[in-house]
Structures are given as C-alpha cells and as structure tokens.
Amino acid sequence: MTYGFKIEIWGSTACFSRPELKVERVSYEVITPSAARGILEAIMWKPAIKYVIDEIAVCAPIRFENIRRNEVGFKANSIEPKIAVEERQQRASLVLKDVRYVVTAHFILTDKAEASDNEGKFAEMIRRRLEKGQNFHMPYLGTREFPANVRLISDGEMAPVTIDETRVLGLMLHDIEYVTGRSSDGMEIVKEFIPTYFFAVMEKGIIDLRGVEVLR
C-alpha cells in the first residue's frame with residue numbers, strides 16, 4: 001500500500017541553484033524535486049524509507065530578484081585554519097522571491113527496512129511530525145540561509161490555488177543518486193554522486209512528475 005500526502009511550502013526567498021552555473025548562483029524557476037525531497041527529509045529521515053515526489057504545484061507568481069551575498073571561498077579543515085572574514089567573497093545571486101508550493105509525495109520502503117517496519121507506522125510518524133512542526137534540522141529553500149515554512153495539508157482541506165500559467169522549464173535537476181561502497185575498514189561510504197535530470201513542463205501551475213523520463 002502506498003501512503004501519499006500533501007505539504008505546503010513557502011518562504012520569502014529561495015535559490016534552487018542550477019548546477020551548470022558554477023560562479024554566480026542562478027535559481028531554477030521553481031523548486032526542484034531534489035529540494036522538495038530534502039525538505040521532507042528535514043522533517044523525518046529514516047534509512048528504511050525513500051521519498052518520491054509526485055507533483056509540484058506553484059501557488060505564487062514566479063518572480064526573480066538580484067542580490068549580493070558574502071560567501072567563504074574555502075572549505076574549513078583542521079590542517080590549515082583560516083579566518084572567514086579575510087577569505088570572504090561577494091557574489092551575485094539571482095533568487096526567487098515570495099515562493100509558495102504544494103508538493104504531493106509518497107514514500108516507499110528501501111532494502112534497509114527491517115521485518116518489523118511497515119508503511120503505516122512511518123506514515124503516522126510523518127503526519128505527526130508535520131502537524132507538530134517538528135524537524136531534525138531546519139528545512140530550507142535551496143540554501144540554508146533561506147528557511148522554509150512547511151505544513152501538512154489535511155485530507156479534505158482545500159489546497160492553495162495554483163497560478164494559471166503554462167511554461168516550458170527545460171532540463172531540470174531531478175535528484176542526486178548516491179553510489180555507495182565499503183571503505184578499507186568495512187564501513188559503508190558514498191563513493192560517487194550522480195545527478196539525474198528531467199525535461200520539466202509546467203501546465204497551469206502544475207509539474208507532474210509521475211512517469212517522467214529521468215536522464216543521467
């Protein structure tokens with residue numbers, strides 16, 4: 001049995017960065033399935049389940065804004081400590097303003113599910129955490145500086161109205177696949193990250209992801 005649910009996601013600023021643009025950050029026009037999955041995992045993550053995004057409904061006009069942000073130009077490490085203020089870089093970003101989405105999703109059990117695990121148990125846990133506003137870490141809209149507001153849309157509740165717009169969005173990031181392996185001491189580690197893409201079309205404010213062709 002498949003357990004599905006709808007959540008409303010909104011915020012004042014969002015940046016779902018296009019991976020092909022390395023220097024300046026430019027957002028996709030709408031939230032990506034990968035970012036939507038990340039928000040759900042911020043609410044509840046278990047190795048026994050995997051979220052599948054079925055539909056993204058855009059409920060606010062797509063508006064961009066140019067901003068400048070300070071970023072650190074290095075990764076911190078214990079070998080060569082640096083002062084963040086001295087290494088600060090100012091970069092331009094093209095971000096989304098005042099976003100609102102309704103995401104329809106479900107989850108499936110993975111091969112890490114135990115015999116005692118079942119869909120009903122996890123569905124109740126997700127519903128309860130959404131209703132109470134609980135999360136493992138702050139959900140965000142593309143980058144951690146842009147927090148996301150999230151709420152469960154209850155059965156029978158009227159969801160926000162989608163925008164009346166049809167637009168070809170082109171090639172968009174779908175998700176990141178993780179290729180795992182074993183380290184020399186036998187621990188499971190991620191050895192490779194494989195991005196997947198799909199050709200996105202928004203029809204009357206809705207991106208239907210059911211059955212889309214995923215490209216690697």
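Some thoughts on the nonpolar core
Core analysis: the biggest nonpolar cluster contains 46 residues, and F5, F16, Y101 and L141 have the highest contact counts within it. Listed by contribution, the elements that provide at least two residues to this core are β1 (3–14), α1 (33–43), β3 (49–58), β5 (88–109), α2 (119–132), β7 (167–182) and β8 (188–202). If you tally residues by element for this core, the top one is β5, at 7 residues. Once residues lying within four places of it in the same chain are set aside, the contact partners of Y101 are I7, E8, I9, F16, E29, V30, I31, I56, A57, V58, C59 and L96.

Quick notes on a nonpolar patch on the surface
A surface patch of nonpolar side chains, amounting to about 280 Å² of accessible area, comprises V168, F199 and V201. Note that V168 resides in strand β7.

Some thoughts on the confidence of the model for the chain
A residue-level look at the chain finds 88% of positions with pLDDT of 70 or above and a mean pLDDT of 88. By mean pLDDT, the top-scoring element of the chain is strand β9 (residues 206–208) (98), and the lowest-scoring one is strand β4 (residues 64–72) (81).

Quick look at the environment of E203
Along the polypeptide, E203 turns up in the loop between β8 and β9. Sequence separation of E203 and R167 is 36 residues, and the distance between their C-alpha atoms is 6.6 Å. Here E203 is in contact with E165 and T166, once residues within four sequence places are set aside.

Describing the pattern of salt bridges
Taken as a whole and assessed by the stated rule, the structure comprises 18 salt bridges. Residues joined in a network through salt bridges with shared partners are E8, R100, R151 and E157.

Description of the packing of aromatic side chains
In this description, a pair of aromatic rings is defined by centroid distance and the angle of the planes. All chains considered together, the criterion is met by 2 aromatic pairs. Ring centres 6.4 Å apart and planes at 90° place the aromatic pair F5 and Y51 in the edge-to-face group. Within this pair, whereas F5 is found in strand β1, its partner Y51 is found in strand β3, the two being separated by 46 residues in sequence. Each member of the pair, F5 as well as Y51, carries the same accessibility label: buried. Considering the side-chain rings of F16 and Y101, the 6.4 Å spacing of their centres and the 65° angle between planes classify their relative orientation as edge-to-face. Of the two residues, F16 is situated in the loop between β1 and β2 (25–26) and Y101 in strand β5; the sequence distance between them amounts to 85 residues. The same class applies to F16 as to Y101, namely buried. Over the ring of F122 we find K121, and its NZ or CZ is 4.8 Å from the ring centre.

About the thresholds
Residues numbered from 1 in each chain as written. Predicted model: local features only at pLDDT ≥ 70, side-chain atom pairs only at ≥ 80, totals over all residues. Heavy atoms only, no water. Core = buried A, V, L, I, M, F, W, Y, C linked by side-chain atoms within 4.5 Å. Buried < 20%, exposed > 50% of the residue type's maximum accessible area, 1.4 Å probe, protein only. Helix = DSSP H or I, 4+ residues; strand = E, 2+ residues; numbered from the N terminus. Contact = heavy atoms within 4.5 Å. Patch = residues over 30% accessible without salt bridge, like charges linked within 9 Å, V, L, I, M, F, W, Y side chains within 5 Å. Areas by Shrake-Rupley, 256 points an atom, 1.4 Å probe, with all protein chains shown as cover. Salt bridge = Lys/Arg side-chain N within 4 Å of Asp/Glu carboxyl O. pLDDT = per-residue confidence, 0-100. Phe/Tyr/Trp six-rings, centres within 6.5 Å; stacked < 30°, edge-to-face > 60°. Lys NZ or Arg CZ within 6 Å of the ring centre and 35° of its normal.

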